[in-house]
Amino acid sequence: MTTIPQGAGSVRDRSTTETSTDDAKPSLPPPVVWADERLGVAKGMGLFKKVFPDHWSFLLGEIAMYSMIICLITGTFLTFWFVPSMAHVVYDGSYVPLKGVGMSEAYASTLDISFDIKGGLLIRQLHHWAALLFIVGIALHVARVFFTGAFRKPRELNWVIGTVLSLLAIIEGFAGYSLPDDLLSGTGIRAMNGFMSSAPVIGTYLTFFVFGGEFPGESIIPRLYIAHVLLLPALLVGLFAVHIFLVFWHKHTQYPGPGRTNNNVVGFPLLPVYTAKAGGFFFIVFGLTALISATVTINAVWAYGPYDPAQVTAGSQPDFYMWFSDGALRLLPGFMEFELWGFTFSPQIFLGSLVLLPLVWIILGAYPFIEQWVTGDKREHHLLDRPRNAPVRTAIGTAGISMYLVLALATINDIIAIKLHLSINDITVALRVLFFLAPVVAFMVTKRLCLSLQRADRELVLHGTESGRIQRTADGRFYEVHEDLSEYDRWPLVQHEPMRPLSVTEESETDEYGVDRPRGIAYKARRALSEFYFKDRVEPVTPAEVAAAHHHGEAEALPGGHAEALEESHAEEHASLRSDDRH
Amino acid sequence: MSKLAAYRRSPIALIVLLFLGLTFTGTAYAALQPTAPADGAVASATASDDVEEGKKLFLANCASCHGTNAEGKTGINTAGPSLVGVGSAAVDFQVGTGRMPMAAPGVQAAEKPVVFTDKEIEQLGIFIDSLGPGPQVPDAQYIDLVNADIANGGKIFRTNCAMCHNSSAQGGALTRGKFAPDLMNVEPKHLYEAMLTGPQSMPVFNDHTITPQEKEDVIAFIKNIEEGGNDFGGHTLGSVGPAGDALFIWTIGIGLLIAAAIWLGRKAA
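Residues numbered from 1 in each chain as written. Chains lettered and ligands numbered in written order. Predicted model: local features only at pLDDT ≥ 70, side-chain atom pairs only at ≥ 80, totals over all residues. Heavy atoms only, no water.

**Observations regarding the overall build of chain B**
Working step 1: When helices and strands are tallied, chain B shows 11 helices and two strands.
Working step 2: Counting helices and strands in the order they occur from the N terminus, chain B gives α-α-α-α-α-α-α-α-β-β-α-α-α.
Working step 3: Radius of gyration (C-alpha) of chain B: 25 Å, far over the 18 Å computed for a compact globule of 269 residues.
Working step 4: C-alpha extents for chain B along the principal axes are approximately 85 × 55 × 35 Å.
Working step 5: For chain B, buried positions account for 40% of its 269 residues. (Helix = DSSP H or I, 4+ residues; strand = E, 2+ residues; numbered from the N terminus. Rg over C-alpha atoms; globule rule 2.2 N^0.38 Å. Buried < 20%, exposed > 50% of the residue type's maximum accessible area, 1.4 Å probe, protein only.)

**A closer look at the confidence of the model for chain B**
Residues and elements named next belong to chain B.
Working step 1: Of the residues in chain B, 93% reach a pLDDT of 70 or more, and the chain-wide mean stands at 86.
Working step 2: Below pLDDT 50 for its whole length, residues 36-47 participates in 14 contacts with residues either more than four positions away or in separate chains.
Working step 3: Interface confidence for the predicted complex, given as ipTM, is 0.84, next to a pTM of 0.84. (pLDDT = per-residue confidence, 0-100. Contact = heavy atoms within 4.5 Å.)

**A look at the nonpolar core**
Working step 1: In this structure, Trp129, Phe134, Ile189, Ile220, Phe281, Phe320 and Tyr321 of chain A are the most contacted members of the largest nonpolar core, which totals 96 residues.
Working step 2: By residue number, the principal contributor to this core is helix H5 (residues 120-147) of chain A, which donates 11 residues.
Working step 3: The contacts of Trp129 of chain A, once residues within four sequence positions are left out, are Thr289, Ile292, Ser293, Val296, Thr297 and Ile298 of chain A together with Leu237, Asp245, Phe248 and Ile249 of chain B.
Working step 4: If you look at the next biggest cluster of nonpolar residues, it comprises 21 residues, including Ala89, Leu183, Ile210 and Val218 of chain B. (Core = buried A, V, L, I, M, F, W, Y, C linked by side-chain atoms within 4.5 Å.)

**Let's talk about a nonpolar patch on the surface**
Residues and elements named next belong to chain A.
Working step 1: Taken together, the side chains of Val429, Val433, Leu434, Leu437, Val441, Val445 and Leu449 present a nonpolar region at the surface, about 580 Å² in accessible area.
Working step 2: Turning to its location among the elements, Leu437 is positioned in helix H16 (residues 424-463).
Working step 3: When its relative accessible area of 45% is taken as the criterion, Leu437 is described as partly exposed. (Patch = residues over 30% accessible without salt bridge, like charges linked within 9 Å, V, L, I, M, F, W, Y side chains within 5 Å. Areas by Shrake-Rupley, 256 points an atom, 1.4 Å probe, with all protein chains shown as cover. Salt bridge = Lys/Arg side-chain N within 4 Å of Asp/Glu carboxyl O.)

**Some words on helix H9 (residues 188-197) of chain B**
Working step 1: Within H9 of chain B, eight of the 10 residues are buried, leaving the element largely enclosed by the surrounding structure.
Working step 2: Among the residues trailing H9 of chain B, Gly198 of chain B stands out with phi positive, at a value near 60°.

**Some words on the interface of chain A and chain B**
Quoted interface sizes are often the accessible area lost when the parts come together.
Working step 1: Counting residues at the interface gives 62 residues for chain A, matched by 51 residues for chain B.
Working step 2: Regarding the contact of chain A and chain B, the summed buried area is about 4,600 Å², with carbon and sulfur atoms giving 71% of it.
Working step 3: On the chain A side of the contact with chain B, Trp56, Pro97 and Ala314 of chain A bury the most area, a combined 12% of that side's loss.
Working step 4: Here chain A is connected to chain B by zero salt bridges.
Working step 5: Taken together, the connections running from chain A to chain B amount to 15 residue pairs in polar contact (both at pLDDT 80 or more).
Working step 6: Of all elements in the fold, only helix H3 (60-79), H5, helix H7 (183-197), helix H10 (270-295), helix H11 (301-304), helix H15 (413-420) and H16 of chain A reach the threshold of two or more residues within the side of chain A that touches chain B.
Working step 7: Residues of the side of chain A that touches chain B, tallied by class, amount to 44 nonpolar, 12 polar and six charged. (Buried area = accessible area lost by both parts, 1.4 Å probe. Polar contact = N/O pair within 3.5 Å; in protein donor to acceptor, adjacent residues only side chain to side chain. Nonpolar A, V, L, I, M, F, W, Y, C, P; charged D, E, K, R; others polar.)

**A word on the confidence of the model for chain A**
Residue and element names in this part refer to chain A.
Working step 1: Per-residue confidence for chain A averages 87 on the pLDDT scale, and 90% of its residues sit at or above 70.
Working step 2: A low-confidence stretch, residues 1-22 (pLDDT under 50), is modelled with 23 contacts involving residues beyond four sequence positions or located in other chains.
Working step 3: A low-confidence stretch, residues 555-583 (pLDDT under 50), is modelled with 24 contacts involving residues beyond four sequence positions or located in other chains.

**A look at the environment of Asn299 of chain A**
Working step 1: Position of Asn299 of chain A relative to the elements: it lies in the loop between H10 and H11.
Working step 2: According to the relative accessible area criterion, Asn299 of chain A is buried, its value standing at 12%.
Working step 3: Taking the C-alpha atoms as reference, Asn299 of chain A lies 9.8 Å from Ser185 of chain A; in sequence the two are 114 residues apart.
Working step 4: When near neighbours in sequence (up to four residues on either side) are disregarded, Asn299 of chain A contacts Arg124, His128 and Tyr304 of chain A together with Asp245 of chain B.

**Notes on the environment of Tyr107 of chain A**
Residue and element names in this part refer to chain A.
Working step 1: Within the fold, Tyr107 resides in helix H4 (residues 105-115).
Working step 2: Taking relative accessible area as the criterion, Tyr107 reaches 0% and is therefore assigned buried.
Working step 3: Between the alpha carbons of Tyr107 and Tyr274 there is a distance of 43 Å; along the sequence they are 167 residues apart.
Working step 4: Excluding its chain neighbours within four sequence positions, the residues that come into contact with Tyr107 are Leu98, Pro180, Asp181, Asp182, Val301, Trp302, Tyr304, Gly305 and Pro306.

**Some remarks on helix H11 (residues 242-266) of chain B**
Working step 1: Here H11 of chain B spans 34 Å end to end across 25 residues, near enough to the 36 Å set by a 1.5 Å rise per residue.
Working step 2: The largest bend along H11 of chain B reaches roughly 40° and is located at Ile249 of chain B. (Expected span 1.5 Å × (residues − 1). Bend = angle between axes of the 7 residues up to and from the residue.)

**Description of the pattern of salt bridges**
When charged atoms on two side chains of opposite charge get close, those side chains can pair.
Residues and elements named next belong to chain A.
Working step 1: Going through the model one piece at a time under the given rule, you end up with 24 salt bridges over all chains.
Working step 2: Between Arg38 and Glu37 there is a salt bridge, with the nearest N and O atoms lying 3.4 Å from each other.
Working step 3: Here Arg500 ties to Glu539 by a salt bridge, and the two come within 2.7 Å at their closest N and O atoms. Remark: Glu539 occurs in the loop between helix H19 (521-534) and helix H20 (543-557) and Arg500 occurs in the loop between helix H17 (487-494) and helix H18 (502-505); sequence separation between them is 39 residues.

**With respect to the pairing of strand S8 (residues 478-483) of chain A**
Along any regular strand, the residues point their side chains to alternate faces of the sheet.
Residue and element names in this part refer to chain A.
Working step 1: Relative to S8, strand S7 (residues 465-472) runs antiparallel, the two being bridged by five bridges. Note that in S8 the partner of Ile470 across the bridge is Glu480.
Working step 2: Counted along the chain from S7 to the antiparallel partner S8, the turn is five residues long, and its residue Gly476 has a positive phi close to 95°. (Pairing = 2+ DSSP bridges.)

**Things to note about the domain arrangement of chain B**
Residues and elements named next belong to chain B.
Working step 1: Domain annotation of chain B identifies domain 1 (50-131) and domain 2 (140-226).
Working step 2: The gap between the C-alpha centroids of domain 1 and domain 2 is 23 Å.
Working step 3: Residue-level contacts link 12 residues of domain 1 with 13 residues of domain 2.
Working step 4: Interface of domain 1 and domain 2: buried area, both sides summed, is about 1,100 Å²; carbon and sulfur atoms make up 54% of it.
Working step 5: For the interface between domain 1 and domain 2, the tally reads one salt bridge.
Working step 6: Of the charged contacts in the structure, one is a salt bridge between Lys189 and Asp92, with a shortest N-O distance of 3.3 Å.
Working step 7: Class assignment for the residues of the side of domain 1 that touches domain 2 results in six nonpolar, four polar and two charged. (Domains from an automatic or database assignment.)

Pasting the structure below:
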């Protein structure tokens, strides 16, 4: 026992079970033993036994994670050459169309990275494409978590951390694409300047504080630079570490399936399977991002020219993650501006920027708590919902996405106008209407689709699949034989809990004399919302229903009752299944 | 079950139907869409007097909107501005790029195949010049792009042109369906004339605001883009800025990664 290193409790435990005779020699490689003697790393080995379930949609968050890592690596490379200064220089690099043109050092150094530093353009493009993929990955990951209900207890806090991460990610992106100080990004900074100025009362002070004086001044690029390379990455990486730690701590959610319960995780351990899969996926993401960056241009800063407040280019759009805000500005009517006591108020800008941006993330962050309040469900959930089994939540999600998309499309109203030969005015009017109409339509269509899919599931469970086999009965009638699902196929379709409104699960609003019960406003609101969520529902199939369907499923299709023999054989076949269901 | 009914249930039936529907719609559109009059009313060019010939061409092709004396007309479908004093540069641009005669009244005359010969365009120009003095077709020395300064042209372009035509000269939208066209594959002569005469919604940049040499610089800047002088780092995605990037990353970009994720998710441990 004396040779067993200190602090290697887990090793000691294992060695007694695995090698009972020779427990003096732990079967670990020398480097691990060496490290354990000094750092106690063997305690952490338990981490590698964590089990993760397999599903491609669980990799969407990994796309975001790996893109962030690519950004960190390539960003470090770029800092070696980028000069975050607005000092004036005359360009004398190898890009001819800008030779002899006056510009800031930031823009000149970006051109140098693009044209005169070996591999610079590839790394720049890798950085930018990875940044876009980072946010695409986040968006899809958020959608996956939302639609499967993975934000439910105990993961509400991690959802909030995730929403903060997504907000930080887009601010980080904005700060990053503003740095080159080209004509397009300068226009973006000018827009940001406008957003801040629209804040009532404090607007002007705010812009002077941030810009160090009048726009553009000489401070904004160095300040955005520090935010982009130090402040925001530190927050992002720090919060991300908490985010991923909580994934380990809570254990990963899983889709419903045979053998999967709220109390287990069915999948593969981190070592060796998931380290190989996840590690391999990093190289796939890096490789594909590199392939894209080597073949497709992004943000051709040289084509825009240096920023000059007197110039602007047609087709000025921010990167896609800021579109919804820019689009809101394009849709808000200009007549909202008014003057009061000699001051100008600009709600048409204020609402689309300083109000909209925080509002979107507050709603996003608050959703799990709202849903929990409505359902009153305080239990832990580790099994994911199939989106169709939560029709109203799914419909709320698609309605929100449709609203977001309408705003985002408004940002490219000019591009749509020239590419589709439409009038930009008509597009704007149409999108204004759609902003209110699209979410309603999306909500209703999605909810109906979900309910229909649930009914289709019911149908499938109760009557099985069409086998394509036609049988003829003794008296000459024909019918198609339906094959019952196997219990493995059936389980995911029947495992979910029925969600019922408070009007069903709790006592009625009036007492036995027909008098309204005294209720608080909060309870009434909760009751109304519960009705909104669960009034229209399709109950999951119960074991009794499955049994009943087997008893007279085929007999119904055969009026006259000439199929007793058939029915009996089916009943025998499924007797064992029914008893299993009751377990 | 008949054969047709069996095919109807095939998984590719939807794709075949979609294909047939698209083909039918496309063919019907191609067959029924309004086209520009192709006759062109080519006049015989035997007359010695260019003004006379130009006037004949004008009366046959332009007078219905611009009036028989080019004095301009107002009307629902036949409104045209007066052409007195617009000069042969305007004629050369409008007719030489096919914008005039218009196929149909609309918010903006669209570029289309030219219906006149160079000689006829010249004769039309001479006739318009005879009505009053105006800007002339540029000298060859300002459109040969020899000794043009691309960087200076870029500066002038970004200050005066980019807000409508886009900094990469890819075009942009204006109000109510009007647009600033993309400037790729336009003859230097026509670029020059457009700056000089300010066709349609475009402002006039006369020789005082942008000198002939500066106009040549601007043309050289545009030609440099056209010849691929800005194409670094791979496919340009149409040079429309972040809109192209967004379309790419949300379709092909993330599509590739999701395909990889699905492949990895299915792969047995």
